[in-house]
Amino acid sequence: MKNRLRVLRAEREWSQADLAQRLEVSRQSVNAIETGKFDPSLPLAFKLARLFETTIEEIFSNEG
Amino acid sequence: MNCSTNNPAARRYMWRFSVTMLLYVLFLVLAVWAFVHYHPTGPLAWLLAVLPALAIIGQIAAFALYLNEEKDEFQVAIGVKSMLWGIGGTLALTVTWGFLENFLNLRHMDLIWIYPIFCAQSGIAYGLLQLRYK
């Protein structure tokens with residue numbers, strides 16, 4: 001699953017560690033989601049959407 | 001489990017793991033010492049013989065608690081995956097050894113080795129998964 005996490009993070013000048021701290025997960029988890037190696041659960045996807053003040057569809061897409 | 005973080009679930013797991021490991025060593029030494037010097041029989045012998053196994057069961061329970069308490073779903077996924085690799089590897093190795101034992105009269109493998117084999121294979125899988133998702 002593709003995602004725009006890296007872009008959204010860059011817009012806010014957050015590092016992976018910053019995002020991990022806000023999500024209360026490890027930096028490794030953020031990296032795995034960002035690189036598409038791990039698909040987050042629905043609750044975590046909603047948490048990301050809330051954090052970036054957008055919708056899940058705006059962050060994740062089913063392409064690729 | 002990512003032990004390098006300030007993750008409370010991981011810290012609790014390390015604490016529980018250390019306690020059960022210490023108990024395992026103590027119980028094993030106690031059981032060996034008692035059987036060598038006093039040759040216990042009856043219920044006491046049964047109790048002494050299962051003491052080290054109880055510590056191992058405690059260790060398995062500690063990992064189950066960790067998986068239950070860990071809030072980082074990615075870390076849970078890595079823990080479960082490494083455990084599955086450990087189970088699969090242990091089953092593959094022990095069933096292969098079992099057939100070799102039956103057909104080629106290889107040395108009998110004691111059942112007490114199954115848990116260390118599982119731990120070793122799970123540990124290797126955990127390390128490899130950590131490298132993959134670094």
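Analysis parameters
- Residues numbered from 1 in each chain as written.
- Chains lettered and ligands numbered in written order.
- Predicted model: local features only at pLDDT ≥ 70, side-chain atom pairs only at ≥ 80, totals over all residues.
- Contact = placed C-beta atoms within 7 Å.
- Nonpolar A, V, L, I, M, F, W, Y, C, P; charged D, E, K, R; others polar.
- Helix = DSSP H or I, 4+ residues; strand = E, 2+ residues; numbered from the N terminus.
- Expected span 1.5 Å × (residues − 1).
- Buried ≥ 20, exposed ≤ 12 C-beta atoms within 10 Å, placed from the backbone.
- Core = buried A, V, L, I, M, F, W, Y, C linked by C-beta atoms within 7 Å.
- Domains from an automatic or database assignment.

Take the interface of chain B and chain A next. Buried accessible area, meaning the area lost when the parts come together, often serves as the stated size of an interface. Residue-level contacts link nine residues of chain B with 10 residues of chain A. Of the residues assigned to the side of chain B that touches chain A, the class counts are three nonpolar, three polar and three charged.

Okay, helix α1 (residues 8–38) of chain B next. Residues and elements named next belong to chain B. For α1, with 31 residues, the first-to-last C-alpha span of 44 Å sits near the 45 Å given by 1.5 Å per residue. Of all the positions in α1, only Ala9, Ala10 and Tyr13 are classed as buried. Residues of α1 that are buried in the fold lie against α2 (42–69). Once α1 finishes, His39 follows within two positions and takes phi at roughly 40 degrees, a positive value.

Here the focus is the nonpolar core. Counting residues in each nonpolar core, the largest one holds 12 residues, listed as Leu5(A), Leu19(A), Ala20(A), Val25(A), Val30(A), Ala32(A), Ile33(A), Leu48(A), Ile59(A), Phe60(A), Phe74(B) and Ile78(B). Those elements that place two or more of their residues in this core are α2 (16–23) and α3 (27–34) of chain A together with α3 (73–104) of chain B. In terms of residue count, the dominant contributor to this core is α3(A) (three residues). Look past the residues within four positions of Ile78(B) in its chain and what remains in contact with it is Tyr126(B) and Leu129(B).

This brings us to the domain arrangement of chain B. Residue and element names in this part refer to chain B. Here the domain parsing of chain B yields domain 1 (1–71) and domain 2 (72–134). Using C-alpha coordinates to define each centre, domain 1 is positioned 19 Å away from domain 2. With seven residues of domain 1 at the interface, the matching set in domain 2 holds six residues. Class assignment of the residues belonging to the side of domain 1 that touches domain 2 gives a composition of three nonpolar, two polar and two charged.

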